[in-house]
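Breakdown of the fold
Below, each chain spelled out in residue letters.
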Amino acid sequence: MSVAGGTQHSRDDETREPVGLPTLLAWRRTGLVASGAAVAAVVTAVLVRLPGGPVEVVAVAALVAVVGFFVGLGFLRRIWIEPELAGEPQAVRLRTWAGWAWGAWVLGVIVSIPARVWPDALGGLRWVAVGLYGVALVAYLGMLVLAVRWRPAH
């Protein structure tokens, strides 16, 4: 199929060059550092907010946490879908934990929207969102523990 003078290819049609072990290890290191920054930012936000600290610090920490979460998860998931590694039992387990973390976080965001729009009627949903964020955090931490222990056998 031709698009604007070019040829459109699906991802399945593309042939990827195999990624070498040094690249996989660099992606792993980047993912772990970004994920560690995300976890440190969450801890900072909680420690600052609990005693009634400045909201600005919490907002910056939350931004760092979200960016670290996406960057870390992106780099780590890229390794786990590499064709040579995707079938490894640990890679499958890591993708599952990452899926739980991602899914719980997305559901938490979706559930928290109506709770913030209609706090009087749906305020109880806020606790459901907090629970989903807790599941996301536990799954993310579990994934990180497994990711730190896993090294690509490429």
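Refer to the structure above for everything that follows.
An account of the accompanying structure is given in this report. (Residues numbered from 1 in each chain as written. Predicted model: local features only at pLDDT ≥ 70, side-chain atom pairs only at ≥ 80, totals over all residues. Heavy atoms only, no water.)

This part takes up helix H3 (residues 89-117). The end-to-end C-alpha distance of H3 is 43 Å, a good match for the 42 Å that 29 residues give at a rise of 1.5 Å each. Residues of H3 that are buried include every one of Ala91, Leu94, Ala98, Ala101, Ala104, Gly108, Val111, Ser112 and Ala115, and no others. The inward-facing, buried residues of H3 contact helix H2 (55-80), helix H4 (119-122) and helix H5 (125-149). (Helix = DSSP H or I, 4+ residues; strand = E, 2+ residues; numbered from the N terminus. Expected span 1.5 Å × (residues − 1). Buried < 20%, exposed > 50% of the residue type's maximum accessible area, 1.4 Å probe, protein only. Contact = heavy atoms within 4.5 Å.)

Taken N-terminus to C-terminus, the directions of helix H1 (residues 21-49) and H5 make an angle of 145°; their axes are 11 Å apart at the nearest point. For H1 against H5, the interelement crossing comes out left-handed. For the pair H1 and H5, contact is made by Arg28, Leu32, Ser35 and Val39 and by Tyr140, Leu141, Leu144, Ala147, Val148 and Arg149, respectively. The residue inventory of the contact of H1 with H5, partitioned by class, reads seven nonpolar, one polar and two charged. (Axes fitted to C-alpha atoms, helices over the stretch in contact; angles between N-to-C directions. Left-handed = near helix turned anticlockwise from the far one by under 90°. Nonpolar A, V, L, I, M, F, W, Y, C, P; charged D, E, K, R; others polar.)

With that settled, the discussion passes to the packing of aromatic side chains. The final tally for this structure, using the stated rule, is seven aromatic pairs. Their ring planes at 70° and their centres at 5.4 Å tell us that phenylalanine 70 and tryptophan 102 sit as a pair that is edge-to-face. With a gap of 32 residues between them, phenylalanine 70 in helix H2 and tryptophan 102 in helix H3 connect regions that are remote in the sequence. On the basis of relative accessible area, phenylalanine 70 is assigned to the partly exposed category, the value being 36%. Three or more aromatic residues joined by ring pairs make a cluster, and in this case those are Phe69, Phe70, Trp102, Trp105 and Tyr140. (Phe/Tyr/Trp six-rings, centres within 6.5 Å; stacked < 30°, edge-to-face > 60°.)

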